[in-house]
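Summary of the model geometry
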Amino acid sequence: MTESTHVPVLLERVLELLAPALDAPGAVVVDANLGLGGHSEALLAAHPGLHLIGLDRDPFAIEHSTRRLAPYADRIDLVHATSDELPAVLKSTGHPQIHGVLFDLGVSSPQLDERERGFAYSYDAPLDMRMDSTQELTAGVVVNTYSAAELTRILREYGEERFAQRVAGRIVQERAREAITSTLRLAEIVREAIPAATRRTGGNPAKRTFQALRIEVNAELSALEAALPASLDALALGGRVVVLSYHSLEDRLTKQALAARTKDNSPPGLPVPLAAHQPRFRLLTRGAELPTEEEVARNPRAASARLRAAERIRLDED
């Protein structure tokens, strides 16, 4: 996928929400999931004084975005790292405080489009699913070595699969005959494990299993659990965070993290709220914003997107 065909999700809304925080002299923004660099390019173009720090665990994303953002080379730091390494990245780049941060979660377009990476169940490919091709754990390792209990837990927690135990049992049964190494074989095993009545509705029955394996292989939720609070801690007064999530687990974690920072924690019954317990952030969105019909028509991969945003309104007490 090239820059001309890549359409960043909810780009106009992302730019609108981050703009008030990024016009200050010396402003720094973090793109915690760089991908193809579409959001980053638009942010750099819109704010001539902005410095951008881009993170991605995928070496291809770093290489591609380095070329794409070459006109802004003196205003960027692109780092091969996972989002939960943000505090170390900010320290190493000399920017301990930031003014904006964007999380565009989930799988990037190249990861879906390149068959050999094994993210999709719609065509045959090796069971890989690594966002970072330098890591050892693959979906094939998970499928062929995890116990039935471990597989059941992953499918239930990360895939919200009602038939997790049945699917895990069928995987263990089939791998005893021959190792499961391809996406199509796994998808067929899952399909056979799901009751026929259920298979007739809700799209491809392998969708939830593939989501669960991808999250397990890439430790996506644990990375978000660490990265989002760390980014909020690094925001300057008036700094803003925007999160684009693509399934309920990501959105739930985002909602909880923002709720914890936007509520008054004063003990009940006090005549005057305690400053130390006042909210540090305010929500910029009412619930999760959804893409418009026009956005989805222009970019079908935006269909499942959920956007939440918040602004720092108070600094932490020393």
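One finds Val30, Ile98, Phe103, Ile171, Leu186, Leu228 and Val241 to be the most contacted residues of the largest nonpolar core, which totals 56 residues. No other element matches the six residues that helix α12 (residues 220–234) contributes to this core. Sequence-distant contacts of Phe103, defined by excluding residues within four places in its chain, comprise Ala32, Asn33, Ser83, Leu224, Ala227, Leu228, Ser231, Val241, Val242, Val243 and Leu244. Formed by 25 residues, the second largest nonpolar core is a distinct cluster that contains Val29, Leu44, Ala302 and Ala305.

The subject of this paragraph is the pairing of strand β5 (residues 235–245). In terms of burial, β5 is largely enclosed, as nine of its 11 residues are buried. Relative to β5, strand β4 (residues 98–104) is paired through six bridges, and the arrangement is parallel. What sits directly across from Asp104, in β5, is Leu244. Two strands pair when backbone bridges link them, and β5 and strand β7 (residues 306–312) are joined in this way by six bridges, in the antiparallel orientation.

Our next topic: the pattern of salt bridges. Counting across every chain of the model gives 19 salt bridges. Via salt bridges that share partners, Arg170, Glu174, Arg177, Arg185 and Glu192 belong to a single interconnected network.

Over its 15 residues, α12 extends 21 Å from the first C-alpha to the last, a length consistent with the 21 Å expected when each residue adds 1.5 Å. Taken residue by residue, α12 has Glu220, Leu221, Ala223, Leu224, Ala227, Leu228, Ala230, Ser231, Leu232 and Ala234 as its buried positions.

To continue, consider the pairing of β4. With seven of seven residues buried, β4 is to be regarded as a mostly interior element. In the sheet, strand β1 (residues 28–31) pairs with β4 via three bridges, with the strands oriented parallel. The residue bridging Val29 from the neighbouring strand is Gly100, located in β4.

Rules of the game
Residues numbered from 1 in each chain as written. Predicted model: local features only at pLDDT ≥ 70, side-chain atom pairs only at ≥ 80, totals over all residues. Heavy atoms only, no water. Core = buried A, V, L, I, M, F, W, Y, C linked by side-chain atoms within 4.5 Å. Buried < 20%, exposed > 50% of the residue type's maximum accessible area, 1.4 Å probe, protein only. Helix = DSSP H or I, 4+ residues; strand = E, 2+ residues; numbered from the N terminus. Contact = heavy atoms within 4.5 Å. Pairing = 2+ DSSP bridges. Salt bridge = Lys/Arg side-chain N within 4 Å of Asp/Glu carboxyl O. Expected span 1.5 Å × (residues − 1).

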